[in-house]
Amino acid sequence: MAFVLGAHFSLMTCKVAKNTHDDAAYIRRAVDLSEKSAGFTSPHPNFGCVIATSTGKVAGEGYLYAQGTKPAEVLAVESGGERCRGATAYLNLEPGDCHGDHTAVSALVQAGITRAVVGIRHPLQHLRGKAVCALRSQGLQVDVLGEDLQSKVMEEARKSCLIVNAPLIHRACSRVPFSVLKYAMTLDGKIAASSGHASWISSKMSRNRVFELRGRSDAIIVGGNTVRKDNPRLTARHGGGHMPMRIVLSQTMNLPEEANLWDVSEASTIVVTQRGARRNFQKYLASKGVEVVELDILNSRDVMEYFHDRGYLSILWECGGTLAASAISSGVIHKVFAFVAPKIIGGKNAPTPVGELGMVQMSQALDLIDVCYEQIGPDMLISGFLQPVPDLMPVIPSEDETFAIDPTVTPYESSIISFYKTWDPYGAFSNFSPHPIQMPDSNDNYVTWSSVEHYYQAQKFAGVNDPAAQDCVEKIKAMRSPEEAARVGRSMQRQHPDLVRSDWESMKIDVMYRALKCKFSIYPHLNSMLLSTAGSVLVEASPHDLFWGGGREGEGLNYLGRLLIQLRSEFLVQQLIKVHNLCYITLLSENYLLLSFGIISGAAG
């Protein structure tokens, strides 16, 4: 999924943009930077920023490493320093990783940036256009590709911005996760011999690329037949970073009792089946830690809509031909990666990568778009889109705008506010949001933590008189993203329960509460956002976490939502007390003035 988009620039020799070709080149550089983070943690948009000075050099560069880390614009400004004054910032995507967070915009304004060139507006409706308006209101000249800057070279640069964030754009527009079909086949189009033997068609270098693709995905999907025949592990095997969910689709639950996918120590597994299928086997899988999801009818479209609702961004399909054909026919496959090995296996009944699609003429064949060819060792990788990346130029009216146009349409306001990912409208409520906090350590010295999640995970091992526990605290603190901090903390807790503080179960709610209170106390915009939800129930919509989250069907305890509601009540009371005290002080002041002028008489005492 690596895109080669534009030349690599030298930090010291890049010339400032003086025409549209230079503007386009810097945008492409921002795209290249943004793609560096793809797959390290997921999900988050790919942000890159290049700052070019008026003297003809690049002042600074940066990219968003992961959800919950410093914005690309902040990193670019930090690396550029004073050279940013009067410079131009080039952004592949409009800032806005988290609603209510204006860090990126503030960084550009305070650094003295005078112009910003934006590749595309943010694809999420509640963020779209907000940063562009904010920058313009601060006096910056903001040029958006395709709107303010139009030419062939600009259109090509804009297209690269769309491609690098294709998963988020497709998800936002189609209401299903961005799906990639991956397969390896021989030169004569076979994915296995007639006997079913398939190891190995492609080279080791190609298989390493597959591990990279897995690491960029939220989940990997296979069918029951793949589990029975290949017994895959479906891990990323890259020594760190994001570990995708493994998903098995099986209508009948005709699955083996022993399989690598039932081992959830390294990565989690979900089996999706049709309602009522082999209930006893479902219980068996549940006892192994495998989650089982029942749908009324098992088809690719319903499965993808379900995982969209669970917050998934991108999914890699590594299934057989029958399931691949079903997914393509359902219109849920957006891109194809085909590894073609220079081998011929033959066989009339040897399986092919895509089963029956019902096409009888070559004119009906599906054409790939934006096709790329790459040689990987002896193999050829052919990739391309089955569906074009949606164009975000048309603006869909918001509910308020719709109501203004047609008063008969009443915006629906729910009394329940859900949040999960930081891209959600209220995503800043998440403990993974990019808001550092300062909390006291065991010596009452205040220490800065990159997020609430960093602090929470480290507190599992705080105060334990063991060097290994102390090392774990430092390791968690050093993690670049909340997801990585959570992965380290959870893994250590599972593998070394002896290092976890003895009072953790009784203290973890208090630990989270204190961290959240710190976060919502030191960030005024977060406090205002929390107070604005008065009267609504807050639900952390994680389908996996049955303690902090609301669970898949509301079966979770939702302690994170409860703590936020408690905090909201406390802040509202504090606000009322302040108003009351202000009114009381004002009344005393007025009475003093009246007494001074003899307008009213006061009793002694």
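As annotated in an unreviewed UniProt entry, the protein chain carries the name Riboflavin biosynthesis protein PYRR, chloroplastic and comes from Acer negundo. A UniProt comment under Sequence similarities (unreviewed entry) is attached to the protein chain, and it reads "In the C-terminal section; belongs to the YbiA family." Database annotation for the protein chain, UniProt heading Pathway (unreviewed entry): "Cofactor biosynthesis; riboflavin biosynthesis; 5-amino-6-(D-ribitylamino)uracil from GTP: step 3/4."

(A) Broad picture of the packing of aromatic side chains. If you walk through the whole model with that rule in mind, you get 13 aromatic pairs. Residues F307 and Y312 carry aromatic rings whose centres are separated by 5.2 Å and whose planes lie at 75° to one another, so their mutual orientation is edge-to-face. For the pair shown, F307 and Y312 are each scored as buried. Here a set of aromatic residues connected by ring pairs shows up, and it is made of Y456, W504, F547, W548 and Y559. Directly above the ring of F281 sits R278, whose terminal nitrogen or CZ lies 4.4 Å from the centroid. A cation sits over an aromatic face here: K508 above F547, 4.1 Å from the ring centre.

(B) A look at the pattern of salt bridges. The tally for this structure, following the rule as stated, stands at 26 salt bridges. The partner of E78 in a salt bridge is K70, with the nearest N and O atoms 2.9 Å apart. Residue classification places K70 among the partly exposed residues on the basis of a relative accessible area of 45%. Between D296 and R275 there is a salt bridge, with its nearest N and O atoms 2.8 Å apart. Note that D296 is positioned in the loop between β10 (291-295) and α10 (300-309) and R275 in the loop between β9 (269-274) and α9 (279-287), a separation of 21 residues in sequence. On the basis of relative accessibility, which here comes to 58%, the residue D296 falls in the exposed class. The class for R275 is partly exposed, based on a relative accessible area of 47%.

Calculation rules
Residues numbered from 1 in each chain as written. Predicted model: local features only at pLDDT ≥ 70, side-chain atom pairs only at ≥ 80, totals over all residues. Heavy atoms only, no water. UniProt positions renumbered as here; feature names shortened; annotations may be inferred. Phe/Tyr/Trp six-rings, centres within 6.5 Å; stacked < 30°, edge-to-face > 60°. Buried < 20%, exposed > 50% of the residue type's maximum accessible area, 1.4 Å probe, protein only. Lys NZ or Arg CZ within 6 Å of the ring centre and 35° of its normal. Salt bridge = Lys/Arg side-chain N within 4 Å of Asp/Glu carboxyl O. Helix = DSSP H or I, 4+ residues; strand = E, 2+ residues; numbered from the N terminus.

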